[in-house]
Amino acid sequence: MSVMPSPTADVAEVLRGQDPQVADVLLGELTRQSTTLQLNAAENFTSPAVLAALGSPLANKYAEGYPGARHHGGCEIVDAAERLAVDRAKALFGAEHANVQAHSGSSAVLAAYAALLRPGDTVLALGLPYGGHLTHGSPANFSGRWFDFVGYGVDAETGLIDHDQVRALARTRRPKAIVCGSIAYPRHFDHAFFREVADEVGAYLIADAAHPIGLVAGGAAPSPVPYADIVCATTHKVLRGPRGGMILCGSELAERVDRAVFPFTQGGAQMHTIAAKAVAFGEAATEDFRVYARQVVANARVLAAGLADRGLAVTTGGTDTHLVTADPAPLGVDGRTARGRLAAAGLVLDCCPLPHGDARGLRLGTAAVTTQGMREAEMARIAALLAAVVREETDAVAARAEVRELTRGFPPYPASYPS
Ligand SMILES: *Cc1c(COP(=O)(O)O)cnc(C)c1O
């Protein structure tokens, strides 16, 4: 069965021998991921090399501080992993400084706020009803509790960011920072516009590029790096690395950002994750990754067109990114009901806000299926299947069989992976 030895396969064997209950979870999840369609826009299949770094003894090492200036002994070797990750991130994104210690996208945003703001400061960000993230002022999140968030919106008809409103709110509310970034916006943010508004009112510009940073890495989306004071990102979405965060900024903010991560908001760095980030940045610098990033967008465009052809109301009429959001209401079904039917059929995706703000739509992403090797033809099939399932023109058993047939040709991991 084994095609090539995989360190991850060995790890799974060890787990199976010692703890079959947890091994069952691991292998069950691998089966779920391989046999259903992963259309969650925030997910991907990270590589066996990234998984190998994650499941390594680097996880044992305590390393508070930064390379060459740690609070623990014995960091000489792991320092090299962090230097590699930082240097590769700087080169990949053309940034003067990179912090790769943020444990998650939310931790990166928390650190950005900590670097630039004081509690009570006013921040202008995309409102949560229009696709802002929890860290953009949700009352359930530290951001909404500790800062005075003002939300801008999107045009109810076009679904596009309302630039006039952004400018007007900036002028009247004089925010200390403006955030551009979203969990569901399928178009590019106009970074030059946001920079201009931030400069006019003397605000910092924070780009929360958690979603598109992988497209930026692959040259398939414009970079916020030349415009934003701080760029926050995740490493596990389109970028396809380990679960984690990253912060990019200019040299002048480097020390403030580093201190905002450690010691202000985090303790010891996760050196196994940082090594895995270095691996992912290495992968993202290849021509293969650029081809992947372009294909992610091409696939999303075909998916959006296919859904529109079948009567779903595709937000903004299409997409520039990996993200497609659509309202199934014209098919007579609300977003939550549609998501439930799709889940039963093996199409895994999320609900999201819609431009008019009073109902939930469907949010799909093409990063994971593109990593699996699916192309335009498969996207057209997925669009047709999705509409048929939402309309209940096919039952869950038949739909599951089609999903199984579709996924069989595109295993996310090499045959040597345990199953
Ligand atoms: C995913 C996301 C985050 C948070 O990432 P986590 O790793 O889940 O904390 C922050 N901001 C935006 C815009 C996101 O899409």
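The structure displayed is predicted, hence computed values, not measured ones.

### A closer look at the sheet that holds strand 14 (residues 350-353)
- Read across the sheet, four strands follow the order 11-12-15-14 without closing on themselves; strand pairing throughout is antiparallel. In the strand order of this sheet, the two ends are held by strand 11 (313-314) and strand 14, each with one partner.
- Pairing of strand 14 with strand 15 (residues 360-365), which is carried by four bridges, proceeds in the antiparallel orientation. Paired with Pro353 across the two strands is Arg360, which belongs to strand 15.

### Topic: the UniProt feature "site: Plays an important role in substrate specificity" (unreviewed entry) in the protein chain
- The UniProt feature table records "site: Plays an important role in substrate specificity" (unreviewed entry) at His236.
- Its location among the elements puts His236 in the loop between strand 9 (230-234) and strand 10 (245-249).
- Within polar-contact distance, the side chain of His236 engages the side chain of Arg243 at 3.5 Å.

### Focus on the environment of Arg174
- By the secondary structure assignment, Arg174 is in the loop between helix 7 (163-173) and strand 7 (177-180).
- The spacing of Arg174 and Glu200 is 26 residues in sequence and 9.7 Å in space, taken between C-alpha atoms.
- Beyond its immediate sequence surroundings of up to four residues, Arg174 is in contact with Leu169, Glu200 and Val201.

### Digging into the nonpolar core
- In this structure, Phe93, Tyr152, Ile178 and Phe194 are the most contacted members of the largest nonpolar core, which totals 59 residues.
- It is helix 4 (residues 76-93) that contributes the most residues to this core, six residues altogether.
- When residues of this core are sorted by domain, at least three fall in each of domain 1 (57-284) and domain 2 (287-413).
- In this structure Phe194 touches Tyr152, Ile161, His163, Val166, Ile178, Cys180, Phe189 and Leu205, once residues within four positions along its chain are discounted.
- Residues Leu37, Val369, Ala383 and Leu406 belong to the second largest nonpolar core, which totals 33 residues.

### Notes on the UniProt feature "modified residue: N6-(pyridoxal phosphate)lysine" (unreviewed entry) in the protein chain
- Under the present numbering, the feature "modified residue: N6-(pyridoxal phosphate)lysine" (unreviewed entry) in UniProt falls on Lys237.
- A relative accessible area of 11% places Lys237 in the buried class.

### Re the packing of helix 4 against helix 11 (residues 271-284)
- Remark: helix 4 packs on helix 11, axes separated minimally by 8 Å, with the N-to-C direction vectors making an angle of 35°. Seen from above, helix 4 lies across helix 11 with left-handed handedness. On the side of helix 4, the interface is formed by Val78, Ala81, Glu82, Leu84, Ala85, Arg88, Ala89 and Leu92, while helix 11 contributes Met271, Ile274, Ala275, Ala278, Val279, Phe281, Gly282 and Ala284.
- Of the residues belonging to the contact of helix 4 with helix 11, the class tally is 13 nonpolar, one polar and two charged.

### Quick word on the confidence of the model for the protein chain
- Of all residues in the protein chain, 96% attain a pLDDT of 70 or more, and the chain-wide mean is 95.
- In this model residues 1-7 is a low-confidence stretch, pLDDT under 50, and it forms eleven contacts with partners more than four residues away in sequence or in other chains.

### Description of the packing of aromatic side chains
- Counted according to the given criterion, the structure contains ten aromatic pairs.
- On the basis of an interplanar angle of 55° and a centroid distance of 6.0 Å, the ring pair of Phe189 and Phe194 is categorised as tilted.
- With relative accessibility at 12%, the residue Phe189 sits in the buried group.
- The buried category is assigned to Phe194, whose relative accessible area is 0%.
- Pairwise contacts between aromatic rings join Tyr113, Phe142, Trp146, Phe147 and Phe149 into one cluster.
- Positioned above the aromatic ring of Tyr292, the side-chain terminus of Arg240 is 4.1 Å from the ring centre.

### Quick word on the site of the ligand
- Around the ligand, the surrounding shell consists of Ser104, Gly105, Ser106, His133, Ser182, Ile183, Asp208, Ala210, His211, Thr234, His236 and Lys237.
- Ser106 is positioned with one of its side-chain polar atoms (N or O) 2.7 Å from an oxygen atom of the ligand.
- At a separation of 2.6 Å, a nitrogen atom of the ligand approaches a polar side-chain atom of Asp208.
- When isolated, the ligand has an accessible area of 380 Å², and the protein chains bury 86% of it.
- Considering only residue class, the shell around the ligand consists of two nonpolar, eight polar and two charged.

### Considering the domain arrangement of the protein chain
- Domain annotation of the protein chain identifies domain 1 (57-284) and domain 2 (287-413).
- The interface is formed by 28 residues belonging to domain 1 together with 26 residues belonging to domain 2.
- Summed over the three residues of domain 1 that lose the most area to domain 2, namely Pro186, Arg187 and Arg240, the buried surface amounts to 29% of that side.
- Our enumeration of links across domain 1 and domain 2 arrives at one salt bridge.
- One salt bridge connects Asp320 with Arg187, and the closest N-O pair in it is separated by 2.9 Å.

Rules used in this analysis
- Residues numbered from 1 in each chain as written.
- Predicted model: local features only at pLDDT ≥ 70, side-chain atom pairs only at ≥ 80, totals over all residues.
- Heavy atoms only, no water.
- Pairing = 2+ DSSP bridges.
- Helix = DSSP H or I, 4+ residues; strand = E, 2+ residues; numbered from the N terminus.
- UniProt positions renumbered as here; feature names shortened; annotations may be inferred.
- Polar contact = N/O pair within 3.5 Å; in protein donor to acceptor, adjacent residues only side chain to side chain.
- Contact = heavy atoms within 4.5 Å.
- Core = buried A, V, L, I, M, F, W, Y, C linked by side-chain atoms within 4.5 Å.
- Buried < 20%, exposed > 50% of the residue type's maximum accessible area, 1.4 Å probe, protein only.
- Domains from an automatic or database assignment.
- Axes fitted to C-alpha atoms, helices over the stretch in contact; angles between N-to-C directions.
- Left-handed = near helix turned anticlockwise from the far one by under 90°.
- Nonpolar A, V, L, I, M, F, W, Y, C, P; charged D, E, K, R; others polar.
- pLDDT = per-residue confidence, 0-100.
- Phe/Tyr/Trp six-rings, centres within 6.5 Å; stacked < 30°, edge-to-face > 60°.
- Lys NZ or Arg CZ within 6 Å of the ring centre and 35° of its normal.
- Near = heavy atom within 4 Å.
- Areas by Shrake-Rupley, 256 points an atom, 1.4 Å probe, with all protein chains shown as cover.
- Buried area = accessible area lost by both parts, 1.4 Å probe.
- Salt bridge = Lys/Arg side-chain N within 4 Å of Asp/Glu carboxyl O.

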